[in-house]
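Listed below are the residues making up each chain.
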Amino acid sequence: MERYNAAVAEARWQEIWDEQKVFEAPDDSDKPKYYVLEMFPYPSGRAHMGHVRNYTLGDVVARYRMARGYNVLHPMGWDAFGMPAENAAIESGVHPAIWTRQNIDHMRAQFKPLGLSVDWGRELATCDPEYYGKEQAIFLELLEIGLAYRKEAWVNWDPVDHTVLANEQVIDGKGWRSGAPVERRKLTHWFFRITEFAADLLDALKGLDRWPEKVRLMQANWIGRSEGARVFFPLEGGVGGEGRKIEVFTTRPDTLFGASFCALAADHPLSLELAGNDPDLAEFIEECRKLGNTAEAIETAEKRGYDTGLTVARPVGEPVSLPLYVANFVLMDYGTGAIFGCPAHDQRDLDFARKYDLPVPPVVIPPGEDAADFSIGDEAYTGEGLLANSDFLDGLSSAEAITRVIAHLEENDLGKGAITYRLRDWGVSRQRYWGAPVPIIHCDKCGVVPVPKDQLPVTLPEDATFDKPGNPLDHHPTWKHVDCPKCGGKATRDTDTLDTFVDSSWYFMRYCSPRDEGILDKKAAAYWLPVDQYIGGVEHAILHLLYSRFFTRALRKLGYVDLDEPFEGLFTQGMVTHVTYKDEDGAWVFPENVEKKPDGSLVRVDNGKTVSKGRLEAMSKSKKNVVDPTPIVEQYGADAVRWFILSDSPPERDLLWSESGIEGAWRFTHRLWRLVLENIELLGDSRPEIAKASEFSASATALRQLTHRTIDGITGDIEAFHINKAVARIYELANALGSRPDGPGAEAALLEATECIVRLTAPMMPHLAEELWAALGHKTLLVQEPWPVADPALLARDVVTMAVQVAGKLRDTIEVELDADREAVESLALASYKVQKAIGDGVVRKVIVVPNRIVNIVVG
RNA sequence: GCCCCCGUGGCGGAAUUGGUAGACGCGCCAGACUCAAAAUCUGGUUCCUGCAAGGGAGUGUCUGUUCGAGUCAGACCGGGGGCACCA
């Protein structure tokens, strides 16, 4: 028997699928639609195993749904804007567009041999003007309805690179690339008003029942809803005019009587106003700004405050004056930028109070403590309890007190119940070249002027230079200089580009009508959306998914789509890991540079140094544990790679890439090939139809039952993303196919099982399955064949094996008819020699019979 | 610090959701084929004890609920992830 030549067969089937356009998805169909999407890749230039895993998982779903009779949309594109392209331009002088194009071509060439069921006709790249021009149109429409706006905001500014840095690009308070200490600067930026949907984005998480609980939780935490109250504290002494007051937010209005000070954020308007004629305060504010916002800075910084000398009045109960501070731990962009400090019941406030010698009156008494002698030491009491020293709240529980005090505040116009979210508006301006230009013109006379829609796209100038720091769009000699569309006078373009998260927030909608002249074709969008199954890494659990949810709501408001949630089902896959090796100097070593000596020790091939096996790590260039998919696919074939990736590890967990694993998978492709061809040989020209067989031997029936259980099991496994279990069932059926049935109906049963294993393998190893389907004599393409259906009659068993326990310990098993009655089972169990031996001279107290499962004999 | 998830053979992992722990694969061991090797096929493989039949232990640790616990509850230990001065 000749060997299966994966390379030849895979190329051939890919060509046939391509020619017959089997993966092209029409925008309307009698079939139900199913939209499968994997997160589109950043074209870094090299495909990695993580991509292979991601797209293989999606492909299994897509091919399965096709077989189940769905009109499947399974597109692919490129998240093509972003910094690496610009860095490449700075480092090697290649233009970002050229660099990106080459990478896309290279990666597409790496993906194609995987045999993915992708409709390549819908391919898009976010750096194409056809794409980002539409994005600019969306921007302008968001501006019209107030979901995009401009405001001044504090940003991390890299003084060397002359650019804004995202928080994650600031390491130890320094720019990740320049190493220069990052400054806090106030810049005017574009924002998307995502906070408008904060409540909805949070509430709607409940309905996303096909999302991982973990992701929903992370989003909920990120949105961060806090319930409490806003409370006004009047400024005393007529400062700033009569009736002036500061507004604070608190989640613990029940502790209001425990207030011993109030504090403002450094950038609070009142702080800035007071700093105007208080140089010391101005200096303090400056220090706060320098502090930065890195984790380390925050952790090590002690609580510090500046006493403004002003006082505020406690708004409830007996009149009490509280000192007003400006404090470094109060955030301007959360709540109202001002707090009241209740040291007894908040750790930060307590630290602050101890430092500045402020009173610490307890007002919430923990259960079991006595109000008379309860006092606070070094730890604030943040739990609930009964109120004391709190006027009309005394004796109430924390919960009751909160309700009561809010009612009191509202009746007397001193404050109101309020909800605050941690979520902030999304700053989208980036001072970079390789992104979608903000389609805005700034005119001295007319102010901010949108680029007229008929002048979109605002394209990037091709002749930008990258040899000096800062934004190439800003230094370009001519690009930004334009006439004002309104008054015709001299004006300049906005030189910022949009955050690349904007690009990825709507690409899944654009796929529905990728060549549409407008933003999108409403009919196509209505047909295809939402995405039925989205698949990608957990690293996007928060931002990308949250921004996409926002964009969907925004486009709904604009009338383009009629849905809130873009992704009906979400699956987050694990990483691909590989062992790491380090030599005696602690340097990472490539696996191919490691040799195993006969005594089992490991050495470097190049210099003979001792190597130790490190822990499993996600594949990364820096740890030298990457495996390039392309040579592996060339060596073993795409099916073997796909099979290995799908077996063993559950898709949501990390996958350990190993050489022995891929070889095992490769062996199975050959084993299945041989098994099926042997069966074909055995059957000769006969193709006995299962429906025509009138009688089946025991072995034929057993094989049929396994076949149908396998169909049923794999169907459920794929739907539940238990792909590793589906793989195990294929192995099980393959093992059974090794020993052929005999007697009446044997040939029909064998053919049925053989055809089924081929059909069930198709989503995972599509080329091999197609090859074997043809070998079985079929003229149709397997990819267009329906999914097999399990016969319920063959799923039911007429005889079951029941376990018999004595005192909870397994002693024997018995064969009984399905649903055999209790007494029969009981007496059969008691008749067992092993059971009797185990009972010995004990007394049978009770016999528990769980039908078709287990018998437990309780012995006293 | 707060929130969440996970601990099962040498390894990756199954276990119908409270009912025969270890499916399936990798690895390893033995056998068959071969002059030999590779490939392939067959069998074995949780641990302890025993020639064997068998017996005992066993799902991170300890306690509990139950006729019965990998599964439920409580405490602890270990690993991973998210958020982090959010009032």
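Residues numbered from 1 in each chain as written. Chains lettered and ligands numbered in written order. Predicted model: local features only at pLDDT ≥ 70, side-chain atom pairs only at ≥ 80, totals over all residues. Heavy atoms only, no water.

Caption draft 1: Quick look at the packing of aromatic side chains. In the structure shown here, the tally under the stated rule is 45 aromatic pairs. Centre to centre, the rings of F139 and F192 are 6.0 Å apart; their planes meet at 50°, and the pair counts as tilted. Of the two residues, F139 sits in helix α5 (residues 129-144) while F192 sits in strand β9 (residues 183-192), which places them 53 residues apart along the sequence. In this structure, F139 and F192 share a single accessibility class: buried. For the ring pair F192 and W426, a centre distance of 5.4 Å and an interplane angle of 85° mean the geometry is edge-to-face. Remark: W426 occurs in strand β19 (residues 426-427) and F192 occurs in strand β9; sequence separation between them is 234 residues. One exposure class covers both F192 and W426, and it is buried. Following the ring pairs from residue to residue traces out a cluster consisting of F139, W190, F192, F197, W426, F501, Y547, F550 and F551. (Phe/Tyr/Trp six-rings, centres within 6.5 Å; stacked < 30°, edge-to-face > 60°. Helix = DSSP H or I, 4+ residues; strand = E, 2+ residues; numbered from the N terminus. Buried < 20%, exposed > 50% of the residue type's maximum accessible area, 1.4 Å probe, protein only.)

Caption draft 2: Fine view of the protein's contact with RNA strand B. Taken together, 50 residues surround RNA strand B, and among them T251, K303, Y334, R348 and K725 come closest. The sugar-phosphate portion of RNA strand B accounts for 61% of its atoms within 4 Å of the protein, the bases making up the rest. Within the side chain of S226, an N or O atom sits 3.3 Å from a phosphate oxygen of RNA strand B. At a separation of 3.0 Å, a sugar or linking oxygen of RNA strand B approaches a polar side-chain atom of S649. No other element matches the 6 residues that helix α22 (residues 723-738) contributes to the surface near RNA strand B. Grouping the constituent residues of the surface near RNA strand B by class yields 21 nonpolar, 12 polar and 17 charged. (Near = heavy atom within 4 Å. Polar contact = N/O pair within 3.5 Å; in protein donor to acceptor, adjacent residues only side chain to side chain. Nonpolar A, V, L, I, M, F, W, Y, C, P; charged D, E, K, R; others polar.)

Caption draft 3: Here's a closer look at the sheet that holds strand β27 (residues 570-573). Reading across from one edge, β2-β1-β26-β27 is the order of the 4 strands in this open sheet, with parallel pairing throughout. Of all strands in the sheet, those bounded by a partner on one side alone are β2 (71-73) and β27. The mean angle between the axes of side-by-side strands here comes to 20°, regardless of whether they run parallel or antiparallel. Two strands pair when backbone bridges link them, and strand β26 (residues 533-537) and β27 are joined in this way by 4 bridges, in the parallel orientation. Following the sheet pairing, I535 is matched in β27 by F571. Contacting β1 (33-38), β2, β26 and β27, helix α2 (residues 49-67) runs over the sheet at an angle of about 175° to β1. (Pairing = 2+ DSSP bridges. Axes fitted to C-alpha atoms, helices over the stretch in contact; angles between N-to-C directions. Contact = heavy atoms within 4.5 Å.)

Caption draft 4: Quick peek at the sheet that holds strand β13 (residues 305-313). The mixed open sheet is built from 4 strands, whose spatial order is β13-β14-β12-β15. Pairing within the sheet leaves two strands with one partner each, and these edge strands are β13 and β15 (338-341). Neighbour-to-neighbour, the strand axes of this sheet turn through a mean angle of 30°, independent of strand direction. In terms of strand pairing, strand β12 (residues 261-264) meets β15 through 4 bridges, oriented antiparallel. When the bridges of β15 are listed, C262 appears paired with F340.

Caption draft 5: Structural view of unusual backbone geometry. P457 follows L456 through a cis peptide bond whose omega is -5°. Take P457: it is sitting in the loop between β22 (447-450) and α13 (472-475). Here the residue pair L529 and P530 is connected by a cis peptide bond, since its omega of 0° sits within 30 degrees of zero. Among the structural elements, P530 can be located in the loop between α16 (522-528) and β26. Phi is positive for K21, close to 50°, though the residue is something other than glycine. Relative to the helices and strands, K21 resides in the loop between α1 (6-19) and β1. The phi angle at A807 is positive, at roughly 55°, despite the residue not being glycine. Among the secondary structure elements, A807 is positioned in the loop between β34 (799-806) and β35 (809-817). The exposure class of A807 is exposed, given its relative accessible area of 56%.

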